Amino acid sequence: MENKKTSVQKVKYEFPKDFWWGSASSAPQMEGASREDGKGMSIWDYWYEKEPERFFNGIGPDVATDFYHRYKEDIRMMKEIGHNSFRTSISWSRLIPNGVGEINRKAVDFYNDMIDELIANGIEPFINLFHFDMPLELQKIGGWENREVVDAYVEYAKTCFELFGDKVKIWFTYNEPIIPAEAGYLYGVHYPNIVDFKRAIQVAYNTIVAQAKVIKVFKELQMKNGKIGVILNLSPVYPRSSHPADVKAAKIADLFFNRSFLDPSVKGEFPRELVDLLKEYNLLPYTEEEDKELIKNNKVDILGVNYYQPKRVKAKEHLPNPYSPIMPEWFFDYYEMPGRRMNIYRGWEIYEKGIYDLLKRLKDEYGNITCFVSENGMGVQDEERFLQNGIIQDDYRIEFIKGHLKWVHKAIMEGCNVKGYHLWTFIDNWSWTNAYKNRYGFISLDLKTRNRTLKKSAYWIKEVSKNNGFDD
């Protein structure tokens, strides 16, 4: 019989010992069972009920990948393809159906069982508290605009720490907290479909205050060996040229889309330039006196970096319409670099070096905070085209991951404090208004039968995890 230890190969791109190999998802995108076992409604359940036509092919979050019922099968598959870590979220409206008040015991049982199953299979659970899914009852009183909801979130987080903190060591306050502000209150593409920059800024500010309060509670509970962080979607911002006007445009875009959450989370303060700009345009949020010290004293321990594409910008070609709603794009235009490589299905540029630039920046400007690539991935439409002998031949995904991992490896070799790489996502999951338009998973999901099938990339990542790296 072959000795398993001898099967591990020496590889060209070798990663540090105990590197996190895995994937990421979320409760609303995997669990399904949206009306079962006492779960309350989230804004997504409500919006789909009211306007199903807003969702690709009319598919909502009611079934998703059926993880709620099939988590044991899925976790076995995670183990099979070499996962040693997996990030998902707790559904606030499943655990506390009205957002405040009574705890749903069936939800407690589910999350306990799911966490136990991960640990039993040698997979470290990374648990995120909030992934875009505000409980409907709290949205009715204003969602993140309302300080009462901030307090409710802190109480919810405390409940999670007390219920699951003996088993979960790595926690996250949010996944991409800029998105509820940006998509829900600025560009009107997520519920509640508002276009109002000042309200979006208030939402963003309140989420940072809530985060600081949650970190304070986490510290006070003295969670054993625990770490708490945040997952941010970061994009390096590249100016079209070195002309001062283009450089200034890039700096402003970076302030809005990166530093607005990165600085208070890691440095404990908002960028002075951002505050001055918001003040100039009468966009400053309502604040309370103790907020500043609270944010300063409650920074994250660990940072997840979601990276998909860069932002490329240039100086404005034309003055903005003074009668239109003020937007970040009043200050810059997007720029399409000639010759850029594209994921044509998602409309995103593929630029692998961007992840290296982000990680180096975290090392040089943010104290080399403990971090990991918490999402990276390639969504492709109609993947059934690539089905051969029962397996989707997603070589494009393997090349995409490999290209990014080479740059992650280079960053690590240059001293960046990077602990892992998680693909978005484990299985082709439900993706907000896009539903299943683009597929991202290591595992293919049949929407009719909910059967799971490994793609070629799943077999590849299994070898990468086993060897803790890969060759060309």
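Cut-offs and rules
- Residues numbered from 1 in each chain as written.
- Predicted model: local features only at pLDDT ≥ 70, side-chain atom pairs only at ≥ 80, totals over all residues.
- Heavy atoms only, no water.
- Helix = DSSP H or I, 4+ residues; strand = E, 2+ residues; numbered from the N terminus.
- Rg over C-alpha atoms; globule rule 2.2 N^0.38 Å.
- Buried < 20%, exposed > 50% of the residue type's maximum accessible area, 1.4 Å probe, protein only.
- Contact = heavy atoms within 4.5 Å.
- Areas by Shrake-Rupley, 256 points an atom, 1.4 Å probe, with all protein chains shown as cover.
- Lys, Arg positive; Asp, Glu negative; His and termini not counted.
- Charge placed at Lys NZ, Arg CZ, Asp CG, Glu CD.
- Disulfide = S-S within 2.5 Å.
- Expected span 1.5 Å × (residues − 1).
- Salt bridge = Lys/Arg side-chain N within 4 Å of Asp/Glu carboxyl O.
- Polar contact = N/O pair within 3.5 Å; in protein donor to acceptor, adjacent residues only side chain to side chain.
- Patch = residues over 30% accessible without salt bridge, like charges linked within 9 Å, V, L, I, M, F, W, Y side chains within 5 Å.
- Pairing = 2+ DSSP bridges.
- Axes fitted to C-alpha atoms, helices over the stretch in contact; angles between N-to-C directions.
- Phe/Tyr/Trp six-rings, centres within 6.5 Å; stacked < 30°, edge-to-face > 60°.
- Lys NZ or Arg CZ within 6 Å of the ring centre and 35° of its normal.

**Q** Mind showing me how you'd approach the overall build of the protein chain here?
**A** When helices and strands are counted, the protein chain shows 15 helices and 19 strands. For 472 residues, the compact-globule estimate of 2.2 N^0.38 gives 23 Å, and the C-alpha radius of gyration of the protein chain, at 22 Å, lies within 12% of that figure. Looking at the 472 residues of the protein chain, the share that counts as buried comes to 60%. Here the contacts in the protein chain between residues at least 6 apart in sequence split such that 77% fall between residues at least 24 apart. Here the protein chain displays about 19900 Å² of accessible surface, and carbon together with sulfur accounts for 49% of that area. For the protein chain, the centre of its 65 positive side-chain charges and the centre of its 68 negative side-chain charges are spaced 4 Å apart.

**Q** Would you mind showing me how to read helix α2 (residues 43-50) here?
**A** Residue pairs three or four apart in sequence face the same way in an α-helix, which turns once every 3.6 residues. Taken residue by residue, α2 has Ile43, Trp44, Asp45, Trp47 and Tyr48 as its buried positions. Of the surrounding secondary structure, the elements contacted by the buried residues of α2 are α6 (136-139).

**Q** Got a minute to help me understand the state of the cysteines in this structure?
**A** Here a disulfide denotes a covalent bond joining the sulfur atom of one cysteine to the sulfur atom of another. By the definition in use, this model includes 0 disulfides. Residue Cys416 stays outside any disulfide, its sulfur separated by 7.1 Å from that of Cys371, the closest cysteine.

**Q** How should I be thinking about helix α15 (residues 456-467) in this particular structure?
**A** Taking 1.5 Å of rise per residue, 12 residues should cover 16 Å, and α15 covers 17 Å from first to last C-alpha, within 8% of that figure. Taken together, the buried positions of α15 are Ser457, Ala458, Trp460, Ile461, Val464, Ser465 and Asn467.

**Q** Before we go on, may I ask you to explain the pattern of salt bridges in this structure?
**A** Pairing between side chains of opposite charge can happen when the charged atoms of each approach one another. Applying the stated criterion across every chain, the model contains 44 salt bridges. With a shortest N-O distance of 3.7 Å, Arg54 and Glu51 are connected by a salt bridge. For Asp276, the salt bridge is made with Arg272, and the minimal N-O distance between the two is 3.1 Å. In this pair, Asp276 and Arg272 both sit in helix α11 (residues 272-280), 4 residues apart, roughly one turn of the helix. Residue class for Arg272 comes out exposed when judged on its relative accessible area of 53%. Via salt bridges that share partners, Glu383, Asp394, Arg397, Asp428, Arg439 and Lys455 belong to a single interconnected network.

**Q** How should the side chain of Arg397 be read in this particular structure?
**A** Mapped onto the elements, Arg397 comes out in helix α14 (residues 395-413). Taking relative accessible area as the criterion, Arg397 reaches 0% and is therefore assigned buried. Here the side chain of Arg397 touches Met378 through a polar contact of 2.8 Å, landing on its backbone oxygen. Here Arg397 is in contact with Met378, Val380, Glu383, Leu423, Arg439, Tyr440, Gly441, Lys455 and Ser457, once residues within four sequence places are set aside.

**Q** Would you explain a positive patch on the surface in this entry?
**A** A cluster of basic side chains, namely Lys219, Lys292, Lys296 and Lys299, defines a positive patch on the protein surface. Within the secondary structure, Lys296 sits in helix α12 (residues 291-297).

**Q** How should I be thinking about the sheet that holds strand β8 (residues 302-306) in this particular structure?
**A** Strand pairing in a sheet is mediated by backbone hydrogen bonds. Such pairs are either parallel or antiparallel. Taking strand neighbours around the barrel as the criterion, the 8 strands line up as β2-β3-β4-β5-β6-β8-β13-β16 in a closed arrangement whose pairing is parallel. Each adjacent strand pair in this sheet contributes to an overall mean axis angle of 30 degrees, direction not counted. Bridging between strand β4 (residues 124-128) and strand β5 (residues 170-175) involves 3 bridges; their strand directions are parallel. If you follow Ile127 over to β5, its bridge partner there is Trp171. Strands in contact with helix α7 (residues 147-164) are β5 and β6 (227-233); relative to β5, the strand with the most contacts, it is inclined by about 155 degrees. Here helix α13 (residues 353-365) sits on the sheet in contact with β8, β13 (371-375) and β16 (418-423), set at roughly 160 degrees to β8.

**Q** I tried to follow the environment of Asp196 on my own but got confused; where do I start?
**A** Here Asp196 is to be found in the loop between α8 (178-185) and α9 (197-220). In this structure Asp196 comes out as partly exposed when scored by relative accessible area, which is 27%. Taking the C-alpha atoms as reference points, Asp196 and Met327, 131 residues apart in sequence, are found 8.3 Å from one another. Contact partners of Asp196, with chain neighbours within four places excluded, come to Tyr185 and Leu186. Within polar-contact distance, the side chain of Asp196 engages the backbone nitrogen of Arg199 at 3.2 Å.

**Q** Sorry if this is basic, but what is going on with unusual backbone geometry here?
**A** Outside of glycine, negative phi angles account for most residues, and trans bonds account for most peptide bonds. A cis amide bond links Tyr191 to the next residue, Pro192, at an omega of 15 degrees. For the bond from Trp424 to Thr425, the omega torsion is 15 degrees, close enough to zero to count as cis. Even without a glycine there, the phi angle at Asn368 is positive, about 50 degrees. Within the secondary structure, Asn368 sits in the loop between α13 and β13. With phi around 50 degrees, Asp382 is a residue other than glycine that occupies positive phi space. Locating Asp382 in the fold gives a position in the loop between β13 and β14 (387-388). Using a relative accessible area of 47% as the deciding quantity, one classes Asp382 as partly exposed.

**Q** Explain the environment of Pro322 to me, please; I cannot follow it from the model alone.
**A** For Pro322, the location among the structural elements is in the loop between β9 (311-314) and β10 (333-334). For Pro322, a relative accessible area of 62% puts it in the exposed group. Each C-alpha atom, one on Pro322 and one on Thr65, is 46 Å from the other, the two residues being 257 residues apart in sequence.

**Q** Can you help me understand the sheet that holds β9 in this one?
**A** A sheet is described by the order of its strands in space; here 3 strands give the open sequence β7-β9-β10, paired in mixed fashion. Of all the strands in the sheet, just β7 (237-239) and β10 have a single pairing partner and so form its edges. Taken together, the 2 bridges between β9 and β10 define a ladder with antiparallel strand orientation. Within the sheet, the bridge partner assigned to Val313 lies in β10 and is Tyr334. Of the strands in this sheet, β7, β9 and β10 touch helix α10 (residues 244-267), which is tilted by about 170 degrees from β7.

**Q** Whenever I open this one, the packing of aromatic side chains confuses me. Can you help?
**A** We describe a pair of aromatic rings using the distance from one ring centre to the other and the angle between the two ring planes. Within this structure, the stated rule accounts for 49 aromatic pairs. Between Trp92 and Tyr156, the aromatic rings sit 4.8 Å apart at their centres with planes inclined by 10 degrees, giving stacked as the arrangement. One end of the pair, Trp92, is in helix α4 (residues 92-95); the other, Tyr156, is in helix α7, and 64 residues separate them in sequence. Classification of Trp92 by relative accessible area gives buried; the value is 0%. What links up through ring pairs into an aromatic cluster is the set Trp44, Tyr46, Trp47, Tyr48, Phe55, Phe132, Tyr191, Trp430 and Trp432. Over the ring of Tyr366 we find Lys267; its NZ or CZ atom is 4.5 Å from the centre of that ring.

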